[in-house]
Amino acid sequence: MMEKASESSLHKDVEFLTSLRPFRNYKNPAVLKQVVTYLREEFSSMGFSPVEQKWMAEGTEYTNVIASYDPENSIRLIVGAHYDVCDDQPGADDNASAVAGLLETARLVSRNQPKIPYGIDFVSYCLEEPPFFGTNLMGSYVHAKSLKEEGDIIRGMVCYEMIGYFSDEPHSQQFPLPELASQYPNTGDFIVVVGLQEHKRFTDEFFEKMSADAEINVQKIVFEDPRDLAGLSDHRNYWKFGFPALMINDTSFLRNPNYHKMTDTIETLDFPKMKAVVDGAYKGITGLSV
C-alpha cells in the first residue's frame, strides 16, 4: 500500500526552521549552515546521498542541498523549495511550509520507491529572497544554469512555494485583477498550480495528476507572461533556460496577511491541508509521462 504524507513530519520540519535564531536570512550564514546540516541529515536518513552546490554572493558562501532519486537516469525532474527568509521573521509559510513539503515528498519517494521513467532531484535553495531575488545569485539560478551547462535532459521543474496558509472565511481570497476574481473561489481554502503558456502541456499534465481525487481543492492558472505574478519564486529561473517549470502556491500575499511579517508563525499553518497538498503533488511528481 502506498504510504502518504505525515502531518507530524511536516510539523517537525516547520518547527525546526521557524525556531532558529537569529533568523535564516542572508545576513546570518551560520544559521543557514544549521539549515544545510538539517537538510543533509534528513535526506541521508531517507537513504539519499545529498550533495552541496556552493557559490559566492557579496563575499559570503551560500549552499543548495540536492538529493537524487535514481541518479543514474539521464532524464531528471527537479522538485525545489527555498529555505531562506526575508529579513527578520520566522517564515513559517514563506518558506518553511514548502521546505517541509519538499522533505516529505522525498520521504514518500524513498519509502514508496515509485517505478517511474525519470529520476528526481530534490533541491533546497538559498537566496530566493531580497536582495537577491531576480538576480543571477539566486540559488535556483545557480542550479538551473548548471543543468543547462551539463546538458541534462530535464522533464520539468516543480516549485513548492508557500503551501501552508488557508482560510475557510468567505472573501478571504484576494485577486489582483477582476477577471481572476470571476474565475476562482473567494474563499482561501484552495491550492494553485501556476504555470506558463509556453509550457502549458507540462502544467496541464501535472495539474491533472495532482487534482485527481485530491483531498484539497486544486486550482490552475497559466500565465502568458513570465513576469509579475507568474514568476514570483524559484521556478522563474528554469524558464530562463528553457525548461518547463511550475509553482505550487497558496497565493501568498493575496491570502496570507502574515506575509514577510513576524506573525508568519507555525501556529498560523493548516497542517491537514498541507498534508493534502503534498499527497496531491506526489501524484503529479511521480505520474508524468516522458
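As a starting point, this report considers the structure included with it. Please read all numbers here as calculations on a predicted model, not as lab measurements.

The rules behind each value
Residues numbered from 1 in each chain as written. Predicted model: local features only at pLDDT ≥ 70, side-chain atom pairs only at ≥ 80, totals over all residues. Heavy atoms only, no water. Phe/Tyr/Trp six-rings, centres within 6.5 Å; stacked < 30°, edge-to-face > 60°. Helix = DSSP H or I, 4+ residues; strand = E, 2+ residues; numbered from the N terminus. Buried < 20%, exposed > 50% of the residue type's maximum accessible area, 1.4 Å probe, protein only. Lys NZ or Arg CZ within 6 Å of the ring centre and 35° of its normal. Pairing = 2+ DSSP bridges. Expected span 1.5 Å × (residues − 1). Arc of directions from axis to C-beta. Salt bridge = Lys/Arg side-chain N within 4 Å of Asp/Glu carboxyl O. Axes fitted to C-alpha atoms, helices over the stretch in contact; angles between N-to-C directions. Contact = heavy atoms within 4.5 Å.

**Side note on the packing of aromatic side chains**
Logical step 1: In this structure the tally under the stated criterion is nine aromatic pairs.
Logical step 2: Between phenylalanine 16 and tyrosine 38, the ring centres sit 4.0 Å apart and the planes meet at 10°, which makes this aromatic pair stacked. Taken together, the residues phenylalanine 16 in helix α1 (residues 7-19) and tyrosine 38 in helix α2 (residues 29-45) connect sequence positions 22 residues apart.
Logical step 3: On the basis of relative accessible area, phenylalanine 16 is assigned to the partly exposed category, the value being 21%.
Logical step 4: By relative accessible area, which is 10% here, tyrosine 38 ends up buried.
Logical step 5: Through a chain of ring-to-ring contacts, the aromatic side chains of Tyr26, Tyr62 and Phe132 assemble into a single cluster.
Logical step 6: Just above the ring of phenylalanine 190 sits the side chain of arginine 255; from NZ or CZ to the centre is 4.8 Å.

**Things to note about the pairing of strand β1 (residues 51-57)**
Logical step 1: Across seven bridges, the pairing between β1 and strand β2 (residues 60-69) is antiparallel. Across the sheet, residue lysine 54 finds its bridge partner in β2, namely threonine 63.
Logical step 2: Counted between consecutive antiparallel strands, the loop separating β1 from β2 contains two residues, among which glutamate 58 sits at a positive phi close to 50°.

**Some details on α2**
Logical step 1: End to end, α2 covers 24 Å across 17 residues, agreeing with the expected 24 Å (1.5 Å per residue, within 8%).
Logical step 2: Within the sequence span of α2, burial applies to Val31, Leu32, Val35, Val36, Tyr38, Leu39, Glu42 and Phe43. The buried residues of α2 all sit within an arc of 165° when viewed along its axis, so they share a single face. Away from the buried face of α2 by more than 90 degrees, exposed residues Ala30, Lys33, Glu41 and Ser45 are located.
Logical step 3: Directly beyond the C-terminal end of α2, a positive phi value near 100° is found at glycine 47.

**Re the pattern of salt bridges**
Logical step 1: For the structure shown, the criterion picks out 18 salt bridges.
Logical step 2: Note that glutamate 52 and arginine 40 form a salt bridge whose closest N and O atoms lie 3.4 Å from each other. In this pair, glutamate 52 is assigned in strand β1 and arginine 40 in helix α2, connecting sequence segments twelve residues apart.
Logical step 3: Taking relative accessible area as the criterion, arginine 40 reaches 30% and is therefore assigned partly exposed.
Logical step 4: Several salt bridges share partner residues, and in doing so they unite Lys12, Asp13, Glu42, Glu104 and Arg107 into one network.

**What to know about the sheet that holds β1**
Logical step 1: Strand order in the open sheet formed by eight strands is β1-β2-β4-β3-β5-β8-β6-β7, with mixed pairing between adjacent strands. Looking at which strands have only one partner, the edges of the open sheet turn out to be β1 and β7 (217-223). Ignoring strand direction, the axes of neighbouring strands in this sheet form an average angle of 20°.
Logical step 2: Contacts from α2 reach β1, β2 and β4 (119-125), with the element oriented near 10° to β2.
Logical step 3: Against the sheet, helix α8 (residues 271-285) touches β3 (75-82), β4, β5 (153-161), β6 (190-196) and β8 (245-249), its axis set at about 175° to β5.

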